[in-house]
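Listed below, chain by chain, are the residues.
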Amino acid sequence: MSKRFLRLGVNIDHVATVRNSRGGEHPDPIRAAQKAIVAGADGITAHLREDRRHIRDKDITRLRDSIKKPLNLEMAATHEMIEIALDVKPNAVCIVPEKREEQTTEGGLDVRANKSFLSEFVERLCKADIRVSLFIEPCSKQLEAARNVGAAVVELHTGRYCDTSGVFRREELERIEQAAIYADNIGLECHAGHGLTFETVGPIASIEAVVELNIGHFLMGEAMITGLEHAVRKMRMVMDEARSRKDST
Ligand code: PXP
């Protein structure tokens with residue numbers, strides 16, 4: 001049997017975090033998205049948070065209008081966000097839990113406890129031809145609830161797997177693998193993400209039932225380190241050229 005293709009969604013939120021720290025336009029998350037696509041990303045993910053701490057409304061419309069790969073909008077299940085999603089019409093929406101004071105998405109959605117609210121949400125997005133995924137813990141009860149509210153896709157939270165080590169990490173990996181297989185068996189497309197690094201991605205990528213990974217923070221940190229050499233060399237060159245022009249006048 002041929003192996004299923006594993007897509008990579010690159011989350012560009014933290015390019016916006018750096019941009020916003022100075023209040024200007026640089027670095028531009030849209031330019032980062034384009035670079036990620038050139039390098040092999042199969043899609044771009046961006047989280048429009050209620051407090052707009054990184055990605056802003058304008059980034060979402062610019063991404064939709066300028067990238068040539070699918071846009072996956074992460075958002076909380078709020079009335080404000082659904083109106084934005086229906087207006088912008090990204091290819092996909094991933095519904096995540098959101099707490100104002102958290103540093104990043106902590107834990108998965110409790111789909112079981114919010115069934116009727118989420119059903120309505122998922123239905124409205126699906127009617128607009130938007131693929132909906134629910135970000136959940138790797139747990140069969142949440143998977144069943146996700147299917148019951150009409151989601152076609154789930155994204156399994158890999159945060160605990162990444163944050164632990166030794167036997168705890170192995171147990172969490174097992175939980176993710178079992179959940180991915182179960183998702184596949186009950187007809188849900190299975191994605192995974194959160195906290196993945198070069199060190200932790202391998203075992204998750206080898207789970208055949210997982211067809212998409214969404215990765216952001218680690219990639220942006222790596223890009224800063226590995227891209228620094230190129231940026232510093234270019235700055236050195238621009239400075240030296242300017243000085244030598246001045247010397248020859
Ligand atoms: N998937 C979901 C649903 C997320 O909320 C996030 C974080 O925004 C990610 C994936 C990416 O996580 P990280 O930035 O840790 O790679």
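Draft legend 1. Highlighting the overall build of the chain. When helices and strands are counted, the chain shows 10 helices and eight strands. Expected size for 249 residues packed as a compact globule is a radius of gyration near 18 Å; at 20 Å, the chain falls within 12% of this value. Seen through its principal axes, the chain has C-alpha atoms that stretch 75 × 45 × 40 Å. Taken across its 249 residues, the chain has 43% of its residues classed as buried. Across the chain, every contact between residues at least 6 apart in sequence was considered, and the portion connecting residues at least 24 apart equals 66%. Surface summary for the chain: the accessible area is close to 13,600 Å², and the carbon and sulfur share equals 54%. Within the chain, one finds 36 positive and 39 negative side-chain charges whose respective centroids are separated by 5 Å.

Draft legend 2. Examining the site of the ligand more closely. Among the 13 residues in the neighbourhood of the ligand, the closest are listed as Thr105, Glu155, Gly195, Gly216 and His217. Glycine 195 is positioned such that a nitrogen or oxygen atom in its backbone is 2.8 Å from an oxygen atom of the ligand. In this structure, an oxygen atom belonging to the ligand sits 2.8 Å away from a main-chain N or O atom of histidine 217. Taken by itself the ligand offers 400 Å² of open surface, and the protein chains cover 94% of this. A majority-of-atoms criterion places the ligand in the second largest pocket. Here the shell around the ligand is composed, by residue class, of three nonpolar, seven polar and three charged.

Draft legend 3. View of the pattern of salt bridges. For the structure on display, the rule yields 19 salt bridges. For glutamate 123, the salt bridge identified is with lysine 127, shortest N-O distance 3.2 Å. Of this pair, glutamate 123 and lysine 127 both sit in helix α5 (residues 115–127), separated by four residues, roughly a single helical turn. If you follow the salt bridges from partner to partner, you end up with Arg7, Arg131, Glu189 and Glu212 in one network.

Draft legend 4. Structural detail: the pairing of strand β7 (residues 189–193). The buried fraction of β7 is high, at four of five residues. Bridging between strand β6 (residues 153–157) and β7 involves five bridges; their strand directions are parallel. From the neighbouring strand, histidine 157 faces β7, where its bridge partner is glycine 193. The pairing of β7 with strand β8 (residues 210–215) spans four bridges and is classified as parallel. Bridging across to β8, alanine 192 finds its partner in leucine 213.

Draft legend 5. Spatial organisation of unusual backbone geometry. With an omega dihedral of -5°, the bond running from histidine 26 to proline 27 counts as a cis peptide bond. As for its position among the elements, proline 27 is in the loop between α1 (13–22) and α2 (29–38). Of note in the backbone geometry, aspartate 129 takes a positive phi value of approximately 70° without being a glycine. Tracing the backbone through its elements, the reader meets aspartate 129 in the loop between α5 and β5 (131–136).

Draft legend 6. Spotlight on the pairing of β8. For β8, the tally of buried residues reaches six of six residues, placing the bulk of the element in the interior. Across four bridges, strand β1 (residues 7–11) lies against β8 in parallel orientation. For valine 10, the partnering residue across the bridge sits in β8 and is isoleucine 215. Taken together, β7, helix α9 (residues 198–205) and β8 constitute a β-α-β crossover, and its handedness is right-handed.

Draft legend 7. Representation of the side chain of asparagine 214 in the model. By the secondary structure assignment, asparagine 214 is in strand β8. Using a relative accessible area of 6% as the deciding quantity, one classes asparagine 214 as buried. Here the side chain of asparagine 214 touches threonine 45 through a polar contact of 2.8 Å, side chain to side chain. Within polar-contact distance, the side chain of asparagine 214 engages the side chain of glutamate 212 at 3.1 Å.

Draft legend 8. Region of interest: α1. Looking at α1, one finds that the buried residues are Asp13, Val15, Ala16, Arg19 and Asn20. Viewed end-on, α1 has its buried residues packed into an arc of 150°, placing them on one side of the element. The exposed residues of α1 that point more than 90 degrees off its buried face are Ser21 and Arg22. One or two positions beyond α1, positive phi appears at glycine 23, with a value near 80°.

Thresholds applied
- Residues numbered from 1 in each chain as written.
- Predicted model: local features only at pLDDT ≥ 70, side-chain atom pairs only at ≥ 80, totals over all residues.
- Heavy atoms only, no water.
- Helix = DSSP H or I, 4+ residues; strand = E, 2+ residues; numbered from the N terminus.
- Rg over C-alpha atoms; globule rule 2.2 N^0.38 Å.
- Buried < 20%, exposed > 50% of the residue type's maximum accessible area, 1.4 Å probe, protein only.
- Contact = heavy atoms within 4.5 Å.
- Areas by Shrake-Rupley, 256 points an atom, 1.4 Å probe, with all protein chains shown as cover.
- Lys, Arg positive; Asp, Glu negative; His and termini not counted.
- Charge placed at Lys NZ, Arg CZ, Asp CG, Glu CD.
- Near = heavy atom within 4 Å.
- Polar contact = N/O pair within 3.5 Å; in protein donor to acceptor, adjacent residues only side chain to side chain.
- 1 Å grid on protein atoms, 1.4 Å probe; cavity = no way out; pocket = protein on both sides within 12 Å on 5 of 7 lines; lining within 4 Å.
- Sits in = over half its atoms within 2 Å of the grid points.
- Nonpolar A, V, L, I, M, F, W, Y, C, P; charged D, E, K, R; others polar.
- Salt bridge = Lys/Arg side-chain N within 4 Å of Asp/Glu carboxyl O.
- Pairing = 2+ DSSP bridges.
- Right-handed = clockwise from strand over helix to strand, strands pointing away.
- Arc of directions from axis to C-beta.

Function-wise, these values are silent; they only describe arrangement.
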